[in-house]
Amino acid sequence: MREPTYFVLAALLAGPLHGYAIIKRADELSNGRVRLATGTLYTALDRLTAEGYVALVSEQVVSGRIRRSYGLTDEGSAALRAEAQRMAEAARLVTDVAPGPRTTRLGRKARTA
Amino acid sequence: MTKLERRCRVLLVAYPAAYRRDRGEEIIATLLEATPEGRKRPLIRDILALVVGGLKARAAQHRRLSTAANLRLAMLLGVAIYLGLAAAGYLDDFVYTGIRPLAAPLFGPSGWPALLAGLLLLAAVLAAWLGRRAAIMATALAAGAAVIYVGLSEAAVGFSLGRFLCQLLCVAALILLAGRPERPARAWLWLVGVIVAAPILPGFIQRFIYWPYLGAGLVLCVLIGAVAWIGIDARPAVALATYLMLFAVPVMLENLATGASNWFDNPSALVAAVIAALAIWRLRRQSVRLQ
């Protein structure tokens, strides 16, 4: 799962949100690292809706414009948790092992000897 | 409507019309909220993401169809381009004899039969896009009859049998390929129009200014455009290869019939074969695999 997709799903974990709210929430959750562009968000929402991870929850008209809210499905929630688990296990490979002796670069003489 | 909103709406053109109808207003609302206050145009990253997103949405349109259905639509477009150019040729003959009644046209029939054949071929192409099966059948049969009439009346003074038979074959193909549940995109009619205009436009413009490479340049632009579009949608490239093949095969057959030693030496056929191989390979990857 790519990072923007992960943060779009993570943004919806607390409840349904509309387009701009997803962008803001993903920005907050990633500490400003994932700044979704509008086009990227809707491409991701199309794909996630087709995969059954996200569903349209409500539609309302605000200031004459349609505003749709999207929510996480059970499948989406399971996929997000599985991805978080995978990343945690991958992180443990590094954090749980005590650092060994550090490798130093060989000098020109040592390499050619 | 603010300047910002107007510019955002221009960017939405990257998306297919059906997508714009469904989600256009929602995307505009999000884009306006996401753009910092005081800006008169969207952020560069938003512009790029919308263009890329639009192209991806266009590419996704035909990925729900099978390879066979996509191939059928692509070949229909190729046949439509061939018939559109044939119609333009008939209409050009009619206009030429209308302007200079004493001069014989360079090739093909003249007078009212040419006008009738040209208009009926155009009607058959339009019906293939917009009409029902009965309308497609009726216009295609009428166009076929007009082409046969022109062919028979021209036979006495000598004409291209290969071109004549190819036009009839294309009219029959139009009936077989069109009128199915999967309809060709309306935007493709613009492509037919541009390609039909490509050889006519230079002749018209050159009455005012001399620009020797305009015709070849337009055709080259269309070719490059279709090949560059293969990554998004390989069907226009398959259509172009179909057209080039339809253009080349009658010439090759006529050369074969006259015993020409270099009858197979045809660059159009070679270009068509290369484009077709590349485009069909891409089309198989872009289509739904049937279980």
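Here, the structure is the one placed above.
Below, the structure is looked at part by part.

What counts and how
Position labels on residues start from 1 in each chain and follow its written sequence. By the order in which they are written, chains take letters starting at A while ligands take numbers starting at 1. Totals for whole chains, interfaces and linings use all residues, but because this is a predicted model, local features are given only for residues with pLDDT of at least 70 and pairs of side-chain atoms are given and counted only at 80 or more. Note: side-chain values were computed over all heavy atoms of the structure, leaving out hydrogens and water. For helices the rule is a DSSP run of H or I covering at least 4 residues; for strands it is a run of E covering at least 2, with both sets numbered from the N terminus onward. With C-alpha atoms as the basis for the radius of gyration, the globule rule is written as 2.2 Å multiplied by the number of residues raised to the power 0.38. Between buried and exposed lies partly exposed: a residue is buried under 20% and exposed over 50% of the maximum accessible area for its type, with that area taken using a 1.4 Å probe on protein chains only. By the convention used here, residues are in contact when the closest approach between their heavy atoms is within 4.5 Å. Residue exposure ignores everything except the shown protein chains as possible cover, and the areas themselves are Shrake-Rupley values with a 1.4 Å probe. Between any two strands, pairing holds if DSSP finds at least two bridges. The axes are straight lines fitted to the C-alpha atoms, using for helices just the contacting stretch, and the angles between their N-to-C directions are given from 0 to 180°. The buried area of a pairing is the accessible area, by a 1.4 Å probe, that goes missing from both parts when the two are put together, added over both. Salt bridge, as applied in this entry: a Lys or Arg side-chain nitrogen positioned within 4 Å of an Asp or Glu carboxyl oxygen. Identification of polar contacts relies on pairs of N or O atoms within 3.5 Å, with a donor-acceptor requirement for protein atoms, meaning one able to donate a hydrogen and the other able to accept it, and with residues adjacent in sequence counted only if both atoms are side-chain atoms. Put simply, Ala, Val, Leu, Ile, Met, Phe, Trp, Tyr, Cys and Pro go in the nonpolar bin, Asp, Glu, Lys and Arg in the charged bin, and everything else, Gly too, in the polar bin. Any angle that falls under 35 degrees is termed roughly parallel, while one over 145 is termed roughly antiparallel, one within 65 to 115 roughly perpendicular, and all others oblique.

1. Focus on the overall build of chain A
Along chain A, the regular secondary structure elements total 5 helices and 3 strands. Starting at the N terminus and ending at the C terminus, chain A contains elements arranged as α-β-α-α-β-β-α-α. Computed over its C-alpha atoms, the radius of gyration of chain A comes to 21 Å, more than 25% above the 13 Å expected for a compact globule of 113 residues. Counting only C-alpha atoms, chain A reaches 75 × 25 × 25 Å along its principal axes. When burial is assessed residue by residue, chain A has 34% of its 113 residues classed as buried. If you take every contact in chain A between residues at least 6 apart in sequence, the share linking residues at least 24 apart comes to 47%. For chain A, the exposed area adds up to about 7400 Å²; of that, 52% sits on carbon and sulfur atoms.

2. Some thoughts on the sheet that holds strand S1 (residues 17–18) of chain A
In a beta sheet, neighbouring strands pair by backbone hydrogen bonds and run either parallel or antiparallel. Here 3 strands make up an open sheet; going across it, the order is S1-S3-S2 (chain A) and the pairing antiparallel. Two strands bound the open sheet, and with one partner strand each, they are S1 and strand S2 (54–62) of chain A. Those strands touched by helix H2 (residues 17–34) of chain B are S1 and strand S3 (65–72) of chain A, and its axis lies near 90° from that of S3 of chain A.

3. Structural notes on the interface of chain A and chain B
Taken together, the contact pairs 20 residues of chain A with 22 residues of chain B. A buried area of about 1700 Å², summed over both sides, lies between chain A and chain B, and 47% of it is on carbon and sulfur atoms. Considering only the side of chain A, the residues that lose the most area to chain B are Tyr20, Tyr42 and Arg65 of chain A, jointly responsible for 35% of the buried surface there. Applying the counting rule to chain A against chain B returns 4 salt bridges. Glu33 of chain B is paired through a salt bridge with Arg67 of chain A; the nearest N and O atoms lie 2.9 Å apart. For the interface between chain A and chain B, the tally reads 11 residue pairs in polar contact (both at pLDDT 80 or more). Taken together, the elements giving at least two residues each to the side of chain A that touches chain B come down to helix H2 (19–29), helix H3 (38–51) and S3 of chain A. With 8 residues, the single largest contributor to the side of chain A that touches chain B is H3 of chain A. Each residue belonging to the side of chain A that touches chain B can be placed in one class, and the counts come to 9 nonpolar, 6 polar and 5 charged.

4. Brief notes about the pattern of salt bridges
Under the defined criterion, the tally for this structure stands at 13 salt bridges over all chains. Asp22 of chain B is the salt-bridge partner of Arg68 of chain A, the closest N and O atoms lying 3.6 Å from each other. A residue pair is termed interchain when its members come from two chains, as with Arg68 of chain A in strand S3 and Asp22 of chain B in helix H2. On the accessibility criterion, Arg68 of chain A (10% relative accessible area) is buried. Each of the salt bridges in this network shares a partner with another, and the network as a whole consists of Asp46, Glu59 and Arg68 of chain A together with Asp22, Arg23 and Glu26 of chain B.

5. Some remarks on helix H1 (residues 3–11) of chain A
Residue and element names in this part refer to chain A. When you tally the buried positions in H1, you get 7 out of 9 residues, the bulk of the element. Turning to H1, its buried residues number three or more, namely Thr5, Tyr6, Phe7, Val8, Leu9, Ala10 and Ala11. Residues of H1 that are buried sit in contact with S1, H2, H3, S2, S3 and helix H4 (74–95).

6. With respect to the packing of H2 of chain A against H3 of chain A
Residue and element names in this part refer to chain A. Their axes nearest at 11 Å, the elements H2 and H3 cross at an angle of 105°. The angle between H2 and H3 places the two elements in the roughly perpendicular class. In this structure, H2 contributes Gly19, Ile22 and Ile23 to the contact, and H3 contributes Thr38, Leu41, Tyr42 and Leu45. Residues that form the contact of H2 with H3 fall into these classes: 5 nonpolar, 2 polar and no charged.

7. Overview of the side chain of Glu26 of chain B
Examined against the element boundaries, Glu26 of chain B turns out to sit in helix H2. Glu26 of chain B sits in the buried class, given a relative accessible area of 2%. Beyond its immediate sequence surroundings of up to four residues, Glu26 of chain B is in contact with Tyr42, Ile66, Arg68 and Tyr70 of chain A.

8. Some points on the pairing of S2 of chain A
Residue and element names in this part refer to chain A. Strand direction decides the pairing type here: S2 and S3, joined by 8 bridges, are antiparallel. Note that in S3 the partner of Val62 across the bridge is Arg65. Between S2 and S3, which pair antiparallel and follow one another directly, the connecting turn spans 2 residues, one of which, Ser63, has a positive phi of 50°.

9. Considerations on the environment of Leu130 of chain B
All names here are of chain B. Within the secondary structure, Leu130 sits in helix H5 (residues 112–130). For Leu130, a relative accessible area of 47% gives the class partly exposed. The sequence separation of Leu130 and Ala178 amounts to 48 residues, and the corresponding C-alpha distance is 9.9 Å. The residues contacting Leu130, other than those within four sequence positions of it, are Arg183 and Arg186.

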